[in-house]
Amino acid sequence: MQETYTAYLIETRSVEHTDGQSVLTDSLWRRYSEFELLRNYLLVYYPHIVVPPLPEKRAEFVWHKLSADNMDPDFVERRRIGLENFLLRIASHPILCRDKIFYLFLTQEGNWKETVNETGFQLKADSRLKALNATFRVKNPDKRFTDLKHYSDELQSVISHLLRVRARVADRLYGVYKVHGNYGRVFSEWSAIEKEMGDGLQSAGHHMDVYASSIDDILEDEEHYADQLKEYLFYAEALRAVCRKHELMQYDLEIAAQDLASKKQQCEELATGTVRTFSLKGMTTKLFGQETPEQREARIKVLEEQINEGEQQLKSKNLEGREFVKNAWADIERFKEQKNRDLKEALISYAVMQISMCKKGIQVWTNAKECFSKM
């Protein structure tokens, strides 16, 4: 069977041009899976950055009258807005905007996937099992990242609950508005059998019908605000991705330190001829006799080389870890400022919309009252 999918047209133009010259516009088509590939690449190459999330692939937290079909035109349009927002988030990021693969995503239609795969980012990606192992086995986790992980879990929980409540309210609101449509029908039918009251009932019914028909546009606007909340619902996972990377780096650092300490102990035991801990080598020595001085010297030399390498490796991992924490925390602070600004604006706009909606309801019943008074 032929595959059915949605493709999105991306148009870009340069903002750097001299006056009087025409602005060159690039346009190409991308599928959702290509957006996913771009984000997966960014997650691997910029592990310290809170990479913007993609909009949902299938509708979630929808009220019962809204289609959950991912090919529904209204859903496709909302996802188009979400994908555009994803690209704008990357383009406005001080580091991600300079990435070559992102630039090619916007300008190179053919062979873009091959270009991404040639970077080898999939080989550098950390496995989920390794990340899970690091989460449970790391001994000295950074409290800041632990708190951040707890915060992301709570943020996801709160926004999920808010979206579920909004969906239930939307269902009830839809029912209330449609009841006004029933008022309109009843008043219109009643007006047909009344001579003196007919005009007033007909006018009141008209106001009720207009009010009932406005619910579709209202709930469509509400979905826009819901999508803004969903973006930060998915941002919670992006925060956890940064925390997981830090845990992996901390776990690798602890393993390297443990391995170095073990080698130093072995070297000391060989030099002094004392064994402090049980080992297979110690049992072998007891069973088959002591090593010759030459063998011991050779082993000490090998261990000393390994210790030097281990110290360099540990120093490198320490520097890498400090650099990661510095860069990650700078981007997390940037994200927090963005989040506070965006959610404040979205919630205020949502409240203003609710106030406007209630005022319209009051106006409808005020008009109906005037109609009834003139009868």
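What counts and what doesn't
- Residues numbered from 1 in each chain as written.
- Predicted model: local features only at pLDDT ≥ 70, side-chain atom pairs only at ≥ 80, totals over all residues.
- Heavy atoms only, no water.
- UniProt positions renumbered as here; feature names shortened; annotations may be inferred.
- Helix = DSSP H or I, 4+ residues; strand = E, 2+ residues; numbered from the N terminus.
- Buried < 20%, exposed > 50% of the residue type's maximum accessible area, 1.4 Å probe, protein only.
- Contact = heavy atoms within 4.5 Å.
- Core = buried A, V, L, I, M, F, W, Y, C linked by side-chain atoms within 4.5 Å.
- Expected span 1.5 Å × (residues − 1).
- Polar contact = N/O pair within 3.5 Å; in protein donor to acceptor, adjacent residues only side chain to side chain.

- The protein chain is annotated in an unreviewed UniProt entry as Sorting nexin 4 from Cebus imitator.
- In UniProt, the protein chain has this text filed under Sequence similarities (unreviewed entry): "Belongs to the sorting nexin family."

Some details on the overall build of the protein chain
Here comes step 1: Each helix and strand counted, the protein chain has 11 helices and two strands in total.
Here comes step 2: Its helices and strands taken in sequence order, the protein chain reads β-β-α-α-α-α-α-α-α-α-α-α-α from the N to the C terminus.
Here comes step 3: A buried classification covers 38% of the 375 residues belonging to the protein chain.
Here comes step 4: Taking contacts inside the protein chain between residues at least 6 apart in sequence as the whole, the part at least 24 apart equals 77%.

Here's the deal with the nonpolar core
Here comes step 1: In terms of nonpolar packing, the biggest core is built from 27 residues, with Phe35, Leu38, Leu42, Leu87, Phe105 and Trp112 touching the most fellow members.
Here comes step 2: Going through the elements one at a time, β1 (7-13), α1 (32-45), α2 (73-92), α3 (100-107) and α4 (112-118) are the ones with two or more residues in this core.
Here comes step 3: With six residues, the top contributor of residues to this core is α1.
Here comes step 4: Residues in contact with Phe105, not counting those within four places in the same chain, are Ile10, Leu28, Arg30, Glu34, Phe35, Leu38, Leu87 and Trp112.

Remarks on the environment of Ser188
Here comes step 1: With respect to the helices, strands and loops of the structure, Ser188 is situated in helix α7 (residues 143-191).
Here comes step 2: Overall, Ser188 belongs to the partly exposed group, its relative accessible area being 23%.
Here comes step 3: With 10 residues separating them along the chain, Ser188 and Gly198 place their C-alpha atoms 8.4 Å apart.
Here comes step 4: Not counting chain neighbours up to four residues away, the residues in contact with Ser188 comprise Gln202, Gly205 and Asp209.

Some details on α7
Here comes step 1: An ideal rise of 1.5 Å per residue puts 72 Å on 49 residues; α7 measures up with 71 Å between its terminal C-alpha atoms.
Here comes step 2: For α7, the N-terminal capping position is held by Asp142, with its side-chain oxygen 2.9 Å away from the main-chain nitrogen of Arg144.

Considerations on the environment of Ile95
Here comes step 1: In this fold, Ile95 is placed in the loop between α2 and α3.
Here comes step 2: Separated by 46 residues in the primary sequence, Ile95 and Ile49 have C-alpha atoms spaced 8.9 Å apart.
Here comes step 3: When neighbours within four sequence positions are excluded, Ile95 is seen to be in contact with Tyr46, His48 and Ile49.

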